[in-house]
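Here is how the chains run, residue by residue.
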Amino acid sequence: MVSAKREAGTRVFAEPPVRLLLTAVALIGAVGIAFEIVLVRILSIAQWHHFAYMIISLALLGFAVAGTVLGIARAKIRGREAFWFRAAALALPLGLVASYELSHRIPFETLQLATQPKQGPMLLALYAALAVPFAIVSGCIALAFLLRPTSVARVYSANLLGSGLGAAGVVAALFVVPTSAVPLVLAAMSLAAFLLVSFDRPRWIAAGVAVGMALAATSGLEPSPIRISEYKGLSYAMRLPGARIVAERESPHSRLTAVRSPLLRETPGQVAGYSFRQAGPLPEQVGLYFDAGSVSPAHRFDGSFAPFRFLDHVTSALVYQLTEEPYVLVIGAGGGTEVLAGLAHGARHVTAVELDPGVRELMLGPLAAFTGDLYRRPDVELVLAEGRGFLQSRRQALFDVIQISLIDSFVASAAGVHALSESHLYTTEAVALYLRHLEPDGVLSITRWLKSPPRDAIKLFATVVAGCRAAGLEEPGEHIAFIRSWNTGTIVVSRSPLSETRLAAIRGFSDRRGFDRAYHPGLTEDEVNRYTVLERPVYYRSALRLLSADPESFLREYPFYVRPATDDRPHFFRFFRWRSLPAILGAGRDWVNYVEWGYLVLVATLAQAVIAALALVLLPLWITTRRAAMSGPRIRLTGYFGGLGLAFMFLEIGFIQKLMLFLNRPVYAVSVVLAAFLVFSGLGSLLAGRTRRDRIRLIRLAVLAIAVISMAYLVALPPLFAQAAGWPDAAKVGMSLLLLAPLAVPMGIPFPCGLQAVAERAERLVPWAWGINGAASVVGAGGATLVAVHAGFGVVVVVALAFYGGSVLAFRALASV
């Protein structure tokens, strides 16, 4: 009887073959990173992108928590690692589906956090629900380390290789698989990983079949739809009478939803001096909602421009008072409002640049008849590209008008939810590029929503002034005009100094429409602040100081952060300043109008991550190893593996930004950098696994290579990317992978070297090392973003190298563990 039990136990606890284990680890790693990426998409649709970042960052602490739990339970699971690995792998598909479904049943609303006490517990519940799959993934990988303590580098390499392929694969999958269905696909992948390590274990196979049948039954049902915040634009639109969704397109870029309602009307800002009684109502519209938030209207168009006379009654029409029959470039064309505005004002040709492929599909497909086939007109060219990338690819192209108008929605802009958005359209270098692509008398026009208190338009003015100087316009004040309504501001920049004829046109247009002139050459203070009256002529005075000999004093003194955005610090929507916090809080209940929620969420996320890492990782480590004999190892573990986690994350985020402008599409930059860093780091970890002696020398060489290559890239990449700006996307991606490979390979060496040293000397501390590294990675994600916002991405890379250097110093002491 005893013998039979032992035999059964041996069957249950038998270790899977190494190759199958490594394959399963690769699959599980792919599932983990893919679930992270798809959750960012899901939560960007459900809430806003920066709240997605906050929730994912905290959910990823599941990686660290799994290491903590295994470290505490190490004695109890010894000899049963294979059993627990299979159990965790079997739980993963169930955890993925349950996590997704549960997250959409938690009534969490981000914009109620400051006013509804119950939202705090709802947020914690959301954290817990989303952390479960990450904890299981991490537990599987940590158990694999324990199963094969002599093959740490191979296990780590399999994890990285799988994660890298998962990062690229999920982005490709999002072009063909609905976002809400991806968790089910990942569940099937994780079940395959379980079956790989259980194919000769009948009881385990039976359990796997049961789980597979449950997933198959689930797949026969519709996945729960993404629960969209009631404060997003799509939610408002669907409450209009007769509202219905007429078409929808999904891709890694966005979910694009076309909504039709008899009462749906969107205008590009205040329509001033327009008689609806005489001119008739606005044309019927279909609203194009990007990720359920920002909206771009598509208009019913039959070839007649008479219904579009209202487009001469908005601030963005100013540019057409200064040009005749222009060749126009519209950046961010969307549903075609600015394209119609150009044609209605006599443009000879309009080039419409749009980043989102869903817009092209809808406008050339289901909405073609409704919009009069606007984008197939002979005088309109639709280009699928990012604005700056398009101009860089057509070096000789010159336009009479370059127009960028209200790309983000008013609600999102007013709420400050874009505070962490990296926009390369509104930087000093971008303005200089636009000006270089204008004809000698050409005009750049940028229109943005106005915030109260004033900050957005002031920062844009500062950036335009800096861009003019970068483009060689020595007296920017002679080239710029700025007008405003109650909710929009338009800044125009003439390539040549504004002539008296153009100044007269600016004065006449503004006065006829009731728009306030905020700045143009020769404007005096008694001519401003006439129609939408502010307490002080803040825009005019700010413009004068920014054009003065000492703009720096104004930039230091202004209560909001309005320094010009640059390509190294492209966070145009960041206005928050810490020194203004007392005054903001003193505004009483209106304080929410003075802050950018995205920035505060970043700070809150970082604080939460630090607290959670201390409570869930370092505190248990301290308590369970509080004996004096263990005090040294825990400090060394924290220093080495924590430093590596911070360094890897800082460097990853730094180079995502460096490639974002080159690849033109953020989703490509993220997927390419993640895939390259993870796959090539995985190859580097294999190299580390072949080394049995002198690990400190290998780590030093790796860190030296990382430092040299990173610093060289900071200098060499900008001019190199500028030369290759016109290349096809496929060539750019290939070039990016080749450039990242030499950097990523040595990045994969330090962690497995250290973990192998721990496994050989104190196997019980392997889960702790894994958990500390995971916790540091979560903290590093928020920390790197905060450093980038304040100091730029170049500094992020330098800080990453400092962390790597500190880890080298900690490794020698680690050898004594």
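For the structure itself, look to the data block above.
In what follows, the accompanying structure is described. None of these values were measured; they are calculated from a predicted model.

On to the layout of surface pockets, then. Of the voids in this model, the second largest pocket is the one considered here, and its volume is about 630 Å³. Along its surface, the second largest pocket is lined by 22 residues, and Arg388, Gln392, Asp567, Leu661 and Pro718 are the ones closest to its centre. Among the elements of the structure, helix H15 (387-393), helix H17 (428-436), helix H24 (628-663) and helix H26 (695-723) are those that each provide at least two residues to the lining of the second largest pocket. Broken down by element, the lining of the second largest pocket gets its largest block of residues, seven residues, from H26. Looking at the lining of the second largest pocket residue by residue, the class counts come to 12 nonpolar, three polar and seven charged.

In terms of nonpolar packing, the biggest core is built from 154 residues, with Phe85, Phe145, Phe641, Leu651, Phe655, Phe677 and Tyr804 touching the most fellow members. Top contributing element to this core by residue count: H24, with 17 residues. The contact partners of Phe677, leaving out residues within four places of it in the chain, are Phe648, Leu651, Glu652, Phe655, Leu740, Leu743, Ala744 and Met747.

Let's shift gears to the sheet that holds strand S10 (residues 480-484). Remark on secondary structure: sheet strands pair via backbone hydrogen bonds, oriented parallel or antiparallel. The eight strands lie next to each other as S7-S6-S5-S8-S9-S11-S10-S12, forming an open sheet whose pairing is mixed. Strand pairing shows two members of the sheet lacking a second neighbour, strand S7 (380-384) and strand S12 (516-519), which therefore form its edges. Neighbouring strand axes in the sheet, compared pairwise and without regard to direction, differ in orientation by 20° on average. Summarising the sheet, S10 and S12 pair through three bridges and their orientation is antiparallel. Pairing of Arg484 across the sheet is with Asp516, part of S12. Across the sheet, H17 is in contact with strand S5 (327-331), strand S8 (399-405), strand S9 (438-449) and strand S11 (488-494); its angle to S9 comes to roughly 140°. Relative to the sheet, helix H20 (residues 538-546) contacts S10 and S12, its axis offset from that of S12 by approximately 20°.

Time to look at the sheet that holds strand S3 (residues 285-290). Pairing is antiparallel across the open sheet formed by four strands, whose spatial order is S1-S2-S3-S4. Two strands close off the open sheet at either side, each with one partner strand: strand S1 (244-250) and strand S4 (294-299). Across the sheet, the axes of successive neighbouring strands diverge by a mean angle of 20°, strand direction being ignored. Inspection of the sheet shows S1 paired to strand S2 (residues 255-260) by six bridges, in the antiparallel sense. Counterpart to Ile245 in the pairing with S2 is Val259.

Further remarks concern the pattern of salt bridges. Under the criterion given, the structure shown has 23 salt bridges. A salt bridge links Glu284 to Arg300; the shortest N-O distance between them is 3.0 Å. In this pair, Glu284 sits in the loop between helix H12 (276-279) and S3 while Arg300 sits in the loop between S4 and S5, placing the two residues 16 residues apart along the sequence. The exposure class assigned to Glu284 is partly exposed, which follows from its relative accessible area of 23%. Note that Asp516 and Arg484 form a salt bridge whose closest N and O atoms lie 3.8 Å from each other. Taken together, the positions of Asp516 in strand S12 and Arg484 in strand S10 put the pair 32 residues apart, joining distant regions of the chain. We classify Arg484 as buried; its relative accessible area is 4%. Three or more residues joined by partner-sharing salt bridges are found here, namely Arg260, Glu284 and Arg300.

Tallying each qualifying case throughout the model produces five cavities of 30 Å³ or more. Lining the largest cavity are Leu39, Ile42, Leu43, Ala46, Gln47, Ser103, His104, Ile106, Phe108, Leu126, Leu130 and Arg227. For the lining of the largest cavity, a count of residues per class yields eight nonpolar, three polar and one charged. Approximately 60 Å³ is the volume found for the second largest cavity. What lines the second largest cavity is simply Arg484, Asp516, Arg517, Ala518, Val528, Asn529, Leu534, Pro537, Val538, Tyr539 and Tyr540. At the level of elements, S12 and H20 are the ones that each hand at least two residues to the lining of the second largest cavity.

On the secondary structure map, Asn159 appears in helix H8 (residues 152-173). Of the residues examined, Asn159 reaches a relative accessible area of 7% and is grouped as buried. Residues within four places of Asn159 in sequence aside, it is in contact with Val25, Gly29, Ile141 and Trp770.

Helix packing for two helices is described by the angle between their axes and how far apart those axes are. Two numbers describe how helix H18 (residues 456-470) lies on H20: the axes approach to 10 Å, and their chain directions differ by 25°. By the angle between their axes, H18 is roughly parallel relative to H20. Judged by the sense of rotation from one axis to the other, the crossing of H18 with H20 is right-handed. On the side of H18, the interface is formed by Ala457, Ile458, Phe461, Ala462 and Val465, while H20 contributes Val538, Tyr539, Ser542, Ala543 and Leu546. When grouped by side-chain class, the residues that make up the contact of H18 with H20 number nine nonpolar, one polar and no charged.

Take a nonpolar patch on the surface next. A contiguous nonpolar patch, built from Leu619, Trp622 and Ile623 and spanning about 310 Å² of accessible area, is present on the exposed surface. Residue position: Trp622 is located in helix H23 (residues 597-624).

A separate point is the pairing of S5. With four of five residues buried, S5 lies mostly within the body of the structure. Across five bridges, S5 lies against strand S6 (residues 349-354) in parallel orientation. Pairing of Val330 across the sheet is with Ala352, part of S6. Following the backbone out of S5, through helix H13 (residues 337-344) and into the adjacent parallel S6, one traces a crossover that is right-handed.

Rules behind the numbers
Residues numbered from 1 in each chain as written. Predicted model: local features only at pLDDT ≥ 70, side-chain atom pairs only at ≥ 80, totals over all residues. Heavy atoms only, no water. 1 Å grid on protein atoms, 1.4 Å probe; cavity = no way out; pocket = protein on both sides within 12 Å on 5 of 7 lines; lining within 4 Å. Points joined across faces, edges and corners; volume = space filled by probe spheres on them. Helix = DSSP H or I, 4+ residues; strand = E, 2+ residues; numbered from the N terminus. Nonpolar A, V, L, I, M, F, W, Y, C, P; charged D, E, K, R; others polar. Core = buried A, V, L, I, M, F, W, Y, C linked by side-chain atoms within 4.5 Å. Buried < 20%, exposed > 50% of the residue type's maximum accessible area, 1.4 Å probe, protein only. Contact = heavy atoms within 4.5 Å. Pairing = 2+ DSSP bridges. Axes fitted to C-alpha atoms, helices over the stretch in contact; angles between N-to-C directions. Salt bridge = Lys/Arg side-chain N within 4 Å of Asp/Glu carboxyl O. Parallel < 35°, antiparallel > 145°, perpendicular 65-115°, else oblique. Left-handed = near helix turned anticlockwise from the far one by under 90°. Patch = residues over 30% accessible without salt bridge, like charges linked within 9 Å, V, L, I, M, F, W, Y side chains within 5 Å. Areas by Shrake-Rupley, 256 points an atom, 1.4 Å probe, with all protein chains shown as cover. Right-handed = clockwise from strand over helix to strand, strands pointing away.

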